[in-house]
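# Per-entry structural report
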Amino acid sequence: MRRRRRIFISRWQNWLGLALVLTFTIAALAAPQISPPNERTVGAFKKVGRSSDMTPHPPSEEAILGTLPGQTDVFHAIIWGARDAMIFGLSVAIGAFIFGSLFGAVSGYAGGAVNNLMMRIADAFLTFPALAGVVFLQQIVAVTIESMGGSYWFNPDTYGDMVYFPFTPPPFAVFLMKTNPVLISLILFSWMPIARIVNTQVITLKNTEFIQAGRALGAGPVWIIHRHLLPNAIGPAIVLAARDVGSSVILQATITFIGLGGASPWGALLSLGRNWVIGPGGNLLATWWIFLPPTLAILLFGVGWNLLGDGLAEALDPTASINQNPT
Amino acid sequence: MPPFIQFILRRLFTAFVSLIAITMLLYAGVMLTPPEARARLYLPQVNGEGQASQALVQSVIQKHHLDEPYLVQYSYWVRSLLTGSWGYSPTLREYVLPALLRRTPVTLELALYSLLLLIPLGLVSGFIAGWRPNQRFDGLFRSLAYFGTSTPPFIFSMVLLAVFYVQLGWFAPERMDVTTQLELMRSGFVNYTGALTLDSLLNRRFDVFLLALRHLAMPIMTLSIFYWATLGRVTRAAVFGQRNQEYIIAARARGIPERRLMWRHALRAILAPTLTTMAISASSIVTSSFVVEIIFVLPGVSQVIVKAMRGLPDAPASLGFAVYSVMMVISLMFILDVLQAILDPRVRDEVLKA
């Protein structure tokens with residue numbers, strides 16, 4: 001453990017990654033203290049002036065990072081967007097991690113034809129483009145809600161779906177309205193690498209002596225998976241999951257930006273201010289407070305989690321030495 | 001039968017199995033909805049607005065066996081896919097399969113040119129960087145590649161638009177401007193393939209060819225830079241491990257020129273891991289090319305979902321799009337695998353053996 005810690009703290013990149021992730025964590029946890037909402041706040045969007053005023057205003061006392069057209073506070077959306085991003089990213093990563101490692105472990109433990117079949121299924125998921133999955137799931141939800149008697153619109157301007165029921169919606173419909181199709185489809189399309197790594201580890205570990213010994217002592221399969229196989233196979237899977245946090249938030253922002261749902265506040269900031277992102281004469285910095293804050297937030301969030309993943313990969317790799325040549 | 005054909009056939013078979021598995025999963029998703037909702041997949045073109053009548057829905061359920069067990073329904077659905085009836089999309093106001101096919105050349109143009117640009121560039125730059133690590137080129141490559149992998153394509157596209165479209169005016173979004181479109185319609189421009197770069201050459205209109213490139217430049221740059229960086233980093237890591245292998249040292253000791261050693265011996269050995277990485281990320285390449293199309297308003301395949309997502313639910317369009325894009329990913333994987341088998345001597349020998 002101490003060796004791992006020493007490897008981790010020996011590189012400045014790991015410190016940077018840790019610092020970035022910590023900053024976003026603090027922003028996410030302390031969002032109500034850093035930027036208190038007012039009475040005209042919906043989600044991450046706080047109005048600070050007349051909504052009919054369609055000119056973005058530069059930073060002022062009231063809005064530290066200026067406003068969007070329609071007087072939405074940029075700073076507020078960045079801070080509360082960090083909370084959304086953290087929740088979203090961690091949910092995807094944890095979901096993919098749990099599902100992937102269970103799938104991989106069970107399949108590897110079963111071995112033989114079952115393993116072959118299960119890994120084929122994992123491969124089939126690899127051929128599915130996430131964007132098609134997002135749209136497909138959204139449509140399934142929409143069609144189901146319509147068949148229950150509700151009305152469903154997808155509204156690109158509010159970055160999400162709108163559901164209307166002429167009567168009290170049945171519980172299943174309420175559940176569907178609360179689920180986020182983008183979240184589910186990102187989990188569905190990011191667990192395969194984790195499953196594969198855990199699977200390979202489990203297959204190699206299965207025939208080692210301490211597992212055989214456990215078998216001989218009468219340990220059941222659940223006990224062996226839980227007690228021996230998962231702890232040994234978990235390191236590389238954690239690394240993949242850490243990188244997933246960043247990449248899934250970036251994909252969510254992308255989907256929101258192109259208007260296919262996802263409800264990422266950071267992506268919505270860029271999309272709401274899209275007429276002002278590029279200022280007169282192609283100057284990206286003329287109204288810099290529209291372009292830079294969300295861009296930097298998305299970029300640094302991704303970079304932070306990636307650096308952290310790289311650092312963990314090195315620290316958890318048993319063959320790594322402290323002063324090895326960085327690749 | 002020649003071994004290479006055998007390899008192709010076996011690879012085609014795995015692609016087929018993947019396709020079966022993924023369509024079964026897709027249809028399992030469809031099965032979550034009630035039969036009345038599933039009937040929408042088969043509803044014919046309805047004149048005017050308004051819901052289909054209850055009787056019509058019931059007859060569709062009867063005709064397409066929508067209240068029978070999963071496997072029966074699945075086989076009927078596959079049969080209808082194979083016969084080309086992918087359903088009628090109310091938001092597109094046309095049948096799904098022709099709508100997808102008509103838009104395919106644009107997507108293919110974008111993806112093909114990007115891959116042709118980024119695979120050689122990624123391999124060569126990653127190779128040079130990894131062969132002499134920690135030198136000046138390596139430092140430059142690593143910072144550029146890091147920038148490339150961590151900048152989301154949609155942010156990069158905004159920077160490109162600001163610089164090359166608004167400031168310099170070199171490139172433009174969309175497929176072509178309205179005046180050109182009208183001029184082409186009037187002058188009897190023939191659409192042979194649907195891909196503008198090819199059509200313009202076939203029509204001997206070099207001005208239109210340049211124009212097509214002008215409109216394709218930014219999407220290609222956006223798509224290429226990200227995967228160039230990914231491929232380059234993988235290549236660099238592979239070369240880094242390969243550089244001091246015994247066969248390289250032995251070859252060097254026998255006096256084989258460094259250049260020949262690099263490009264003939266080592267490059268071949270690292271093709272397998274790098275192209276495999278590309279094949280694994282094939283689905284992400286397809287997703288990114290859809291995203292790039294949407295941002296730069298190219299009328300490619302992704303236009304189908306953009307239109308279908310505006311407003312009412314459109315099940316046939318989204319299901320058709322899902323199946324179609326899976327087919328695109330599988331063919332891309334197939335192409336990359338075959339490419340790897342042709343180029344890498346070890347894979348080729350393994351093919352011969354098996």
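Residues numbered from 1 in each chain as written. Chains lettered and ligands numbered in written order. Predicted model: local features only at pLDDT ≥ 70, side-chain atom pairs only at ≥ 80, totals over all residues. Heavy atoms only, no water.

### Things to note about the packing of aromatic side chains
A complete count under the given rule lists 27 aromatic pairs over all chains for this structure. A ring pair is formed by A:F99 and A:F103, whose centres lie 5.9 Å apart and whose planes are at 45°; its orientation type is tilted. Of this pair, A:F99 and A:F103 are both found in helix α4 (residues 74-110), four residues apart, which corresponds to roughly one turn of the helix. For A:F99, a relative accessible area of 40% translates into the label partly exposed. Of the residues examined, A:F103 reaches a relative accessible area of 14% and is grouped as buried. With centroids separated by 5.0 Å and ring planes inclined at 85°, the aromatic side chains of A:F99 and A:W191 adopt a geometry described as edge-to-face. Of this pair, A:F99 sits in helix α4 while A:W191 sits in the loop between α8 (181-188) and α9 (192-206), placing them 92 residues apart in sequence. For A:W191, a relative accessible area of 1% puts it in the buried group. Three or more aromatic residues joined by ring pairs make a cluster, and in this case those are A:F99, A:F103, A:F125, A:F128, A:F189 and A:W191. Stacked on the ring of B:Y76, the Lys or Arg B:R79 has its end atom at 5.2 Å from the ring centre. (Phe/Tyr/Trp six-rings, centres within 6.5 Å; stacked < 30°, edge-to-face > 60°. Helix = DSSP H or I, 4+ residues; strand = E, 2+ residues; numbered from the N terminus. Buried < 20%, exposed > 50% of the residue type's maximum accessible area, 1.4 Å probe, protein only. Lys NZ or Arg CZ within 6 Å of the ring centre and 35° of its normal.)

### Overview of the interface of chain A and chain B
Listed as interface residues are 47 residues of chain A and, on the opposing side, 53 residues of chain B. Across the chain A/chain B interface, buried area totals approximately 4,600 Å², and carbon plus sulfur atoms make up 76% of it. Counting the surface chain A buries against chain B, the share from its top three residues, A:T127, A:F136 and A:Q139, is 13%. For the interface between chain A and chain B, the tally reads zero salt bridges. Counting across the interface, chain A meets chain B through two residue pairs in polar contact (both at pLDDT 80 or more). The set of elements that each furnish at least two residues to the side of chain A that touches chain B consists of α5 (112-126), α6 (130-147), β3 (151-155), α11 (221-257) and α14 (288-316) of chain A. (Contact = heavy atoms within 4.5 Å. Buried area = accessible area lost by both parts, 1.4 Å probe. Salt bridge = Lys/Arg side-chain N within 4 Å of Asp/Glu carboxyl O. Polar contact = N/O pair within 3.5 Å; in protein donor to acceptor, adjacent residues only side chain to side chain.)

### Overview of the domain arrangement of chain A
All names here are of chain A. The assigned domain composition of chain A is domain 1 (2-47 + 69-120 + 191-316) and domain 2 (129-188). Spacing between the C-alpha centres of domain 1 and domain 2 amounts to 24 Å. Counting residues at the interface gives 20 residues for domain 1 and 14 residues for domain 2. With both sides pooled, the region where domain 1 packs onto domain 2 buries about 1,400 Å², and carbon together with sulfur makes up 75% of that total. It is F88, I255 and L260 that lose the most area in domain 1 upon contact with domain 2, and together they represent 29% of the buried surface on that side. Joining domain 1 to domain 2, the criterion identifies zero salt bridges. Put simply, domain 1 and domain 2 have one residue pair in polar contact (both at pLDDT 80 or more) between them. Of all elements in the fold, only α4, α11 and α12 (265-272) reach the threshold of two or more residues within the side of domain 1 that touches domain 2. (Domains from an automatic or database assignment.)

### Thoughts on the pattern of salt bridges
Within this structure, the stated rule accounts for nine salt bridges over all chains. The salt bridge involving A:R120 is made with A:D123; its shortest N-O contact spans 3.3 Å. Of the two residues, A:R120 and A:D123 are both situated in helix α5; the distance of three residues between them amounts to about one turn of the helix. Taking the relative accessible area as the measure of exposure, A:D123 reaches 22% and is therefore partly exposed. In this structure, B:R103 engages B:E94 in a salt bridge whose closest nitrogen and oxygen atoms are separated by 3.8 Å. Take B:R103 and B:E94: they sit in the same class, and that class is buried. Among the ionic contacts, a cluster of salt bridges with common partners joins A:R120, A:D123 and A:R196.

### Some words on the environment of B:L101
Here B:L101 is to be found in helix α5 (residues 96-131). Spatially, the C-alpha atom of B:L101 lies 29 Å from that of B:M158, the residues being 57 residues apart in sequence.

### Observations concerning helix α13 (residues 282-295) of chain B
All names here are of chain B. Taking 1.5 Å of rise per residue, 14 residues should cover 20 Å, and α13 covers 20 Å from first to last C-alpha, within 8% of that figure. A large share of α13 lies buried, amounting to 13 of its 14 residues. Phi turns positive one or two residues past the end of α13, at V297, with a value near 50°. (Expected span 1.5 Å × (residues − 1).)

### Side note on the packing of α5(A) against helix α1 (residues 3-30) of chain B
Helix-helix packing is characterised by the crossing angle of the two axes and by the distance between the axes. Contact geometry of α5(A) with α1(B) gives a least axis separation of 9 Å together with a crossing angle of 80°. Here α1(B) runs roughly perpendicular to α5(A), going by the angle between their axes. Contact with α5(A), carried on its side by A:R120, A:A124 and A:F125, involves B:T14, B:V17, B:S18, B:A21, B:I22 and B:L25 of α1(B) and no other residues of that element. When grouped by side-chain class, the residues that make up the contact of α5(A) with α1(B) number six nonpolar, two polar and one charged. (Axes fitted to C-alpha atoms, helices over the stretch in contact; angles between N-to-C directions. Parallel < 35°, antiparallel > 145°, perpendicular 65-115°, else oblique. Nonpolar A, V, L, I, M, F, W, Y, C, P; charged D, E, K, R; others polar.)

### Quick notes on empty space enclosed by the protein
Unoccupied space between atoms shows up once a probe the size of one water molecule is rolled over them. Throughout the structure, instances matching the rule amount to five cavities of 30 Å³ or more. In this structure, the largest cavity occupies an estimated 120 Å³ of space. Lining of the largest cavity is provided by A:F136, A:Q139, A:I140, A:V143, B:V30, B:T33, B:A37, B:R38, B:L41, B:A315, B:S318 and B:L319. Listing elements by their share of the lining of the largest cavity, those giving two or more residues are α6 of chain A together with α2 (35-38) and α15 (315-343) of chain B. The element contributing the most residues to the lining of the largest cavity is α6(A), with four residues. Here the lining of the largest cavity is built from residues that sort into eight nonpolar, three polar and one charged. Here the second largest cavity defines a volume of roughly 90 Å³. Looking at the second largest cavity, the residues that line it are B:L41, B:Y42, B:W77, B:S80, B:L81, B:S85, B:W86, B:P316, B:L319, B:G320 and B:V323. (1 Å grid on protein atoms, 1.4 Å probe; cavity = no way out; pocket = protein on both sides within 12 Å on 5 of 7 lines; lining within 4 Å. Points joined across faces, edges and corners; volume = space filled by probe spheres on them.)

### Describing the nonpolar core
Residues A:L260, A:W266, A:F301, B:I119 and B:F154 are the most contacted members of the largest nonpolar core, which totals 160 residues. Looking at this core element by element, the count peaks at 17 residues for α4(A). Beyond its immediate chain neighbours, meaning those up to four positions away, A:W266 contacts A:F24, A:A77, A:I78, A:G81, A:A82, A:A85, A:V249, A:P294, A:A297, A:I298 and A:F301. Ranked by size, the runner-up nonpolar core spans twelve residues in total, among them B:V239, B:L261, B:M262 and B:I270. (Core = buried A, V, L, I, M, F, W, Y, C linked by side-chain atoms within 4.5 Å.)

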